[in-house]
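The chain contents come next:
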Amino acid sequence: MKNHIQYMEDKMVNIDDFLCARKTFFPDKKVVFTNGCFDILHAGHVEYLAKARNLGDLLVVGLNTDCSVTKLKGPSRPVNHQLARAKVLSALESVDYVIFFEEETPFHLIQNILPDILVKGSDYKIEKIVGAELVLSHGGSVKTIDFVEGFSTTHIVEKLK
């Protein structure tokens, strides 16, 4: 039997393909989920994603589409288009799968995936994390990860202005 990466061949997948692979190839693996715009990827993101991946067996990253990023961040964003962002995320060893979502929040993605562990940055209070209540109600856990000092997308964008 092929392993999940061989089965998928590409880390950028849609939700249906991921759910099929999960059921078939890794039903007992602990799935970690996080999400974001990842508009300008930097060393802080790399460390954050590595820490998230270390919490389980597979890391699934929900990635806001360009339209979603514009709604959240304004007309000058995203700086990098969604395929470029997904390609860089997919190149990271810690990331197993990247799934785009169009909405402003990943609630429906979380609802479908039902990850074992939901992860966000430490600037979020657990009770305010989208999908936290759902994950907890299904026996999962919600974790926050501290930011890497000196790395912030907002600060990078401000410097560029």
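Residues numbered from 1 in each chain as written. Predicted model: local features only at pLDDT ≥ 70, side-chain atom pairs only at ≥ 80, totals over all residues. Heavy atoms only, no water.

Caption draft 1: Region of the structure containing the packing of aromatic side chains. Throughout the structure, instances matching the rule amount to three aromatic pairs. Aromatic pair F18 and F26: ring centres 5.9 Å apart, planes at 50°, arrangement tilted. Overall, the relative accessible area of 1% leaves F26 in the buried class. Each ring, one from F26 and one from Y97, has its centre 6.1 Å from the other, and the planes form 20°; the classification is stacked. Separated by 71 residues along the polypeptide, F26 in the loop between helix 2 (15-25) and strand 1 (31-36) and Y97 in strand 3 (residues 97-101) bring together distant segments of the chain. Accessibility classification places F26 together with Y97 in one group, the buried group. Here the aromatic cluster, defined as three or more aromatic residues joined through ring pairs, consists of F18, F26 and Y97. (Phe/Tyr/Trp six-rings, centres within 6.5 Å; stacked < 30°, edge-to-face > 60°. Buried < 20%, exposed > 50% of the residue type's maximum accessible area, 1.4 Å probe, protein only. Helix = DSSP H or I, 4+ residues; strand = E, 2+ residues; numbered from the N terminus.)

Caption draft 2: Layout of the pairing of strand 3. Summarising burial for strand 3: four of the five residues are buried, a large majority. Sheet topology places strand 2 (residues 58-64) next to strand 3; five bridges connect them, and they run parallel. Residue pairing for strand 3: G62 is matched across the bridge by I99. (Pairing = 2+ DSSP bridges.)

Caption draft 3: Expanded view of unusual backbone geometry. With omega at 10°, the peptide bond leading from R77 into P78 counts as cis. Relative to the elements of secondary structure, P78 occurs in the loop between helix 4 (66-73) and helix 5 (82-91). A positive phi angle, near 45°, is found at F38, a position not held by glycine. Relative to the helices and strands, F38 is located in the loop between strand 1 and helix 3 (43-53). Given the relative accessible area of 6%, F38 is considered buried. Unusually for a residue other than glycine, L114 sits at a positive phi of about 45°. Relative to the helices and strands, L114 resides in the loop between helix 6 (107-113) and strand 4 (117-121).

Caption draft 4: Broad picture of the sheet that holds strand 2. Spatially, the five strands line up as an open sheet ordered 3-2-1-4-5, and their pairing is parallel. Across the chains shown, the open sheet's two edge strands, defined by having one partner strand only, are strand 3 and strand 5 (141-145). The average angle at which neighbouring strand axes cross in this sheet is 25°, direction not considered. Bridge analysis of strand 4 against strand 5 gives five bridges, and the strand direction is parallel. The residue bridging L118 from the neighbouring strand is V142, located in strand 5. (Axes fitted to C-alpha atoms, helices over the stretch in contact; angles between N-to-C directions.)

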